[in-house]
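Residues per chain are reported as follows:
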Amino acid sequence: MMEANVPVIYAAPLQGFTETAWRNAHEQSFGGIDAYYTPFIRLEKGTIRNKDKRDVSPEENTVSHLIPQIIASDAEELEQLVVFLSAQGYREIDVNMGCPFPLIVRRGKGSGILPYPEKVAVLLDAMKRFPEVRFSVKMRLGWEHADEWKQVLPLLNRSCVKQVTLHPRIGKLQYKGTVDREAFRGFYEVCELPLVYNGDLCTVSDIREVLVTFPRLKGVMLGRGLLADPSLAKAFREGPMSEAEIRSRAYLMHRRMCLYYQRVIEGGEAQLLMKLKAVWEYLLPDLEKKVRKAILKSNRLDTYLRAVEEALR
């Protein structure tokens, strides 16, 4: 196991937020991340959506280490997705067993697969057909009960999976309530694979506390905490940034995202605005209410960009 003082820091996959534009701009403007995970790609009516293909396209992604994530409920699905990603040159793939959204769960995917260890076993078995790929799994404690992992972890320990990331909530909670650190400890004590902690890490002291409490962790994965404070990983590694520097780097990051979306979005200004406004669901929550309102109320690109400049420059 690696020493506690050299943990890895990953950027979590969040549907609708951590797409190519965000990842590229984050690494160029802030950095501090060892690898970025893509939001999961999946099959829809038997094929991969074009938008998902573009999100994992090596030509579009400039980050130094990208790990695509897939979601599947059976071996055929998993194989089709892995074959596609292997053809793109990927040799590391993460398998989502944690997504809490009911639409996904009802299809036996994400955290919806955890109550069915026999289905998990089928996916793990399918992975063995790709010895050239390094598989990891991102999961929750369970879908409905916080001990569903107990039937799944022995399968993982015996599998070809190289690493596990655990978010210690049940899927049913989505992001509500608090993380269950005691249940995480139970998992940590019997997990034989390198383990990464994910969930409610919003400050440098949150990260430190988890790494001290669980010294054998390989590292942490930052999700909503990194969306809110893009300097979080760098601040953990190098010390805090001033408020002014965070804002000025966030301005650059936003500018880079804007340029990327202007290049790839074909749906005109309204669609571009919708994409850009999405970042403000989390970004810099301590901004003055009036300033944030001006950004979110803008219904033209020029007024929106002016409001962003006033907020961040």
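See above for the structure.
Small disclaimer: the values here were computed from a predicted structure and weren't measured. (Residues numbered from 1 in each chain as written. Predicted model: local features only at pLDDT ≥ 70, side-chain atom pairs only at ≥ 80, totals over all residues. Heavy atoms only, no water.)

Details of the overall build of the protein chain
Piece 1. Counting its regular elements, the protein chain contains 14 helices and 11 strands.
Piece 2. Against the compact-globule benchmark of 20 Å for 313 residues, the protein chain has a radius of gyration of 19 Å, which places it among compact chains.
Piece 3. By its C-alpha atoms, the protein chain is 55 × 45 × 35 Å across when sized along the principal axes.
Piece 4. Expressed as a percentage of its 313 residues, the buried residues of the protein chain come to 56%.
Piece 5. In the protein chain, once contacts between residues fewer than 6 apart in sequence are set aside, the share between residues at least 24 apart is 72%.
Piece 6. In the structure as shown, the protein chain presents an accessible area of about 14300 Å², 51% of it carried by carbon and sulfur atoms.
Piece 7. Charge centroids of the protein chain, computed over 46 positive and 40 negative side chains, lie 4 Å from each other. (Helix = DSSP H or I, 4+ residues; strand = E, 2+ residues; numbered from the N terminus. Rg over C-alpha atoms; globule rule 2.2 N^0.38 Å. Buried < 20%, exposed > 50% of the residue type's maximum accessible area, 1.4 Å probe, protein only. Contact = heavy atoms within 4.5 Å. Areas by Shrake-Rupley, 256 points an atom, 1.4 Å probe, with all protein chains shown as cover. Lys, Arg positive; Asp, Glu negative; His and termini not counted. Charge placed at Lys NZ, Arg CZ, Asp CG, Glu CD.)

Describing unusual backbone geometry
Piece 1. Located in the positive-phi region is Lys 45, a residue other than glycine, with phi close to 55°.
Piece 2. By the secondary structure assignment, Lys 45 is in the loop between β3 (43-44) and β4 (47-48).
Piece 3. One non-glycine residue, Leu 284, lies in positive phi territory at about 45°.
Piece 4. Structurally, Leu 284 is set in the loop between α12 (269-278) and α13 (289-297).
Piece 5. Classification of Leu 284 as buried rests on a relative accessible area of 8%.

Concerning the nonpolar core
Piece 1. Counting 108 residues, the largest nonpolar core has Met 139 and Leu 156 as its most contacted members.
Piece 2. Residues within four places of Met 139 in sequence aside, it is in contact with Met 97, Gly 98, Leu 114, Trp 149, Val 152, Leu 156, Val 164, Thr 165, Leu 166, His 167 and Phe 187. (Core = buried A, V, L, I, M, F, W, Y, C linked by side-chain atoms within 4.5 Å.)

Things to note about the sheet that holds strand β11 (residues 219-222)
Piece 1. Spatial strand order, β5-β2-β1-β11-β10-β9-β8-β7-β6: 9 strands in an open sheet with parallel pairing. Each of the sheet's edge strands pairs with one partner strand only, and the pair in question is β5 (66-67) and β6 (69-70).
Piece 2. Pairing of strand β1 (residues 8-11) with strand β2 (residues 35-37) involves 2 bridges; the strand directions are parallel. By the bridge assignment, Tyr 10 is partnered in β2 with Ala 35.
Piece 3. Across the sheet, helix α8 (residues 204-213) touches β10 (195-198) and β11, and the angle it forms with β11 is around 145°. (Pairing = 2+ DSSP bridges. Axes fitted to C-alpha atoms, helices over the stretch in contact; angles between N-to-C directions.)

Notes on the pairing of β10
Piece 1. Burial along β10 is two-sided: the face carrying Leu 195 and Tyr 197 and the face carrying Val 196 and Asn 198 are both buried.
Piece 2. Bridge count between strand β9 (residues 163-170) and β10: 3 bridges; the pairing is parallel. Directly across from Val 164, in β10, lies its bridge partner Leu 195.
Piece 3. Pairing of β10 with β11 involves 3 bridges; the strand directions are parallel. In the sheet register, Asn 198 faces β11, and the bridge partner there is Met 221.
Piece 4. In this fold, β10 hands off to α8, which returns the chain to β11; that crossover is right-handed. (Right-handed = clockwise from strand over helix to strand, strands pointing away.)

Thoughts on the packing of helix α5 (residues 117-127) against helix α6 (residues 149-157)
Piece 1. One way to put it is that α5 packs onto α6 with a least axis distance of 9 Å and a crossing angle of 20°. Taken together, the axes of α5 and α6 lie roughly parallel to each other. Viewed along their axes, α5 and α6 form a crossing whose handedness is right-handed. When α5 is examined against α6, the residues Pro 117, Val 120, Ala 121 and Leu 124 are found in contact with a partner set consisting of Gln 151, Val 152, Leu 155 and Leu 156.
Piece 2. Its residues placed into classes, the contact of α5 with α6 shows 7 nonpolar, 1 polar and no charged. (Parallel < 35°, antiparallel > 145°, perpendicular 65-115°, else oblique. Left-handed = near helix turned anticlockwise from the far one by under 90°. Nonpolar A, V, L, I, M, F, W, Y, C, P; charged D, E, K, R; others polar.)

Notes on the packing of helix α11 (residues 243-264) against α12
The axes of two packed helices give the description: the angle between them and the distance between them.
Piece 1. Between α11 and α12, the shortest axis-to-axis distance is 10 Å and the interhelical angle comes to 150°. Taken together, the axes of α11 and α12 are roughly antiparallel relative to one another. Considering the relative orientation of α11 and α12, their crossing is right-handed. Contacts between α11 and α12 pair His 254, Met 257, Cys 258, Tyr 261 and Gln 262 from the former with Leu 272, Lys 275 and Leu 276 from the latter.

Purely geometric stuff here, so don't read any function into it on its own.
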